[in-house]
Amino acid sequence: MRYLLAQGYRVIPVRPLVKEVLGVPCVASLAEIGEPIDLVDVFRRAEFCPAVAEEAGTAGAKALWLQLGIVSTEARAIAERAGMDYVEDECTAIVHRGMRQPM
């Protein structure tokens, strides 16, 4: 999250039992986000990912991203049925750094 914030991205942490992360207020669920969701970046164990995928689909998210080390065929199927882009077992910061080409 720290990297994405430093790159200028708007990040809304979803943490039901936490008030804020890195000074950013948390919400308890994706349903509480009152704006379009481009990406749901998941830092949960694989067994929790299908439920997150369902919630992301219901919230109208455009993409579901499972962080490094997380793989879920069920979450992938749910995301694909919902029309979301899907990435698993990748780190957003590493991928973003690789996309930025020096001039």
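Source: prediction; values computed, not measured. Counting restarts for each chain, with residues numbered from 1 along the sequence as it is written. Since the coordinates come from a predicted model, pLDDT governs what is reported: local features require at least 70, and pairs of side-chain atoms require 80 or more to be given and counted, while whole-chain, interface and lining totals use all residues. Heavy atoms throughout the structure, all of them, feed into the side-chain values; hydrogens and water do not.

(A) Local environment of the overall build of the protein chain. A run of H or I in DSSP counts as a helix once it spans at least four residues, and a run of E counts as a strand once it spans at least two, with each numbered from the N terminus. Helix and strand content of the protein chain: four helices and five strands. Its helices and strands taken in sequence order, the protein chain reads α-β-β-β-α-β-α-β-α from the N to the C terminus. Dimensions of the protein chain, computed from the C-alpha atoms along their principal axes, are close to 40 × 30 × 25 Å. Buried residues in the protein chain amount to 35% of all 103 residues. Residue exposure (1.4 Å probe, protein chains only): buried if accessible area is under 20% of the type maximum, exposed if over 50%, otherwise partly exposed.

(B) Quick peek at the pairing of strand β4 (residues 63-66). Of the two faces of β4, the one lined by A63 and W65 and the one lined by L64 and L66 are each fully buried. Note on pairing: two strands pair once DSSP finds at least 2 bridges between them. The pairing of strand β3 (residues 39-42) with β4 spans four bridges and is parallel. Within the sheet, the bridge partner assigned to V42 lies in β4 and is L66. Taken together, β3, helix α2 (residues 49-59) and β4 constitute a β-α-β crossover, and its handedness is right-handed. Sheet topology note: the β4/strand β5 (residues 85-87) ladder contains three bridges and is parallel. Directly across from L64, in β5, lies its bridge partner Y86. Consider the strands pointing away from the viewer: the crossover is right-handed when the path from the first strand over the helix to the second runs clockwise. With helix α3 (residues 73-81) bridging β4 and the parallel β5, this β-α-β connection has right-handed handedness.

(C) Looking closely at α3. For α3, every residue scored as buried is listed here: A75, I78 and A79. The buried residues of α3 occupy an angular sector of 100° when projected down its axis, which confines them to one face. Opposite the buried face of α3, by more than 90 degrees, sit the exposed residues T73 and R81. In this analysis, two residues are considered to be in contact whenever any of their non-hydrogen atoms come within 4.5 Å of each other. Against α2, β4 and β5 lie the buried residues of α3. It is the directions from the helix axis to the C-beta atoms that the arc portrays.

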